[in-house]
Amino acid sequence: MDERRLSGKQDIDRRREQPVVNLVERVLEVFREPEKGGYRRRSSLELGSRVTPEAWPDPELAVASFFPEVGRLAPDDSHRAA
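Residues numbered from 1 in each chain as written. Predicted model: local features only at pLDDT ≥ 70, side-chain atom pairs only at ≥ 80, totals over all residues. Heavy atoms only, no water.

**Some thoughts on the overall build of the protein chain**
A count of helices and strands for the protein chain gives two helices and five strands. Looking at the protein chain as a whole, 15% of its 82 residues are labelled buried. For the protein chain, the share of sequence-separated contacts (at least 6 apart) that also reach a separation of at least 24 residues comes to 20%. When the accessible surface of the protein chain is split by element, carbon and sulfur atoms take 51% of a total near 6,900 Å². (Helix = DSSP H or I, 4+ residues; strand = E, 2+ residues; numbered from the N terminus. Buried < 20%, exposed > 50% of the residue type's maximum accessible area, 1.4 Å probe, protein only. Contact = heavy atoms within 4.5 Å. Areas by Shrake-Rupley, 256 points an atom, 1.4 Å probe, with all protein chains shown as cover.)

Here is the structure:
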């Protein structure tokens, strides 16, 4: 078997599209059109946006669905004694 296929890095380099959930800025970054050393296109989509993956063009996904609900980010203090 070809050793390059086992490395994983080759598979990552060949992806046509790479989504990255940026939790700090609360945006979905989508990198498309890979080229040597990176990607040719980068989109930064905000919570109210929708995205259509190139691999599956039929579904349109809400960017907000990639993020936890804001209320769930805060620690739960209900279990602490008063």
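**Quick word on the packing of aromatic side chains**
Aromatic ring pairs are described here by two measures, namely the spacing of the ring centres and the angle between the planes. Under the counting rule described, the total for this entry stands at one aromatic pair. Judged by centre distance (5.9 Å) and plane angle (50°), the ring pair of Phe31 and Tyr39 falls under tilted. The class of Tyr39 is partly exposed, set by a relative accessible area of 25%. (Phe/Tyr/Trp six-rings, centres within 6.5 Å; stacked < 30°, edge-to-face > 60°.)

**A short note on the nonpolar core**
Residues Leu28, Val30, Leu45, Val51, Val63 and Phe67 constitute the largest nonpolar core, which totals six residues. Residues in contact with Val63, not counting those within four places in the same chain, are Leu28, Leu45, Glu46, Leu47, Ser49, Arg50 and Val51. (Core = buried A, V, L, I, M, F, W, Y, C linked by side-chain atoms within 4.5 Å.)

**Quick word on the sheet that holds strand β2 (residues 27-35)**
Here we have three strands laid out as an open sheet, ordered β1-β2-β3, and antiparallel in their pairing. One side of each edge strand has no neighbouring strand; the edge strands of this open sheet are β1 (17-22) and β3 (38-45). Each adjacent strand pair in this sheet contributes to an overall mean axis angle of 20°, direction not counted. Bridge count between β1 and β2: six bridges; the pairing is antiparallel. Residue pairing for β2: Gln18 is matched across the bridge by Phe31. (Pairing = 2+ DSSP bridges. Axes fitted to C-alpha atoms, helices over the stretch in contact; angles between N-to-C directions.)

**Some remarks on the pairing of β3**
Relative to β3, β2 runs antiparallel, the two being bridged by seven bridges. Residue Leu28 lies in a different strand from β3, and its bridge partner there is Leu45. Here β2 folds back onto β3, and the loop between the two strands holds two residues, one of which, Gly37, carries a positive phi near 85°.

**Some points on the side chain of Glu29**
Its place among the elements puts Glu29 in strand β2. Within polar-contact distance, the side chain of Glu29 engages the side chain of Arg42 at 3.1 Å. When residues no more than four places from it in sequence are discounted, the contact partners of Glu29 are Gln18, Pro19, Val20, Asn22, Arg42, Ser43 and Ser44. (Polar contact = N/O pair within 3.5 Å; in protein donor to acceptor, adjacent residues only side chain to side chain.)

**Examining the confidence of the model for the protein chain**
Summary statistics for the protein chain give a mean pLDDT of 76 and a share of 67% for residues scoring 70 or more. Long-range and interchain partners of residues 1-8, a stretch whose pLDDT sits below 50, account for three contacts in this model, where long-range means more than four residues apart. (pLDDT = per-residue confidence, 0-100.)

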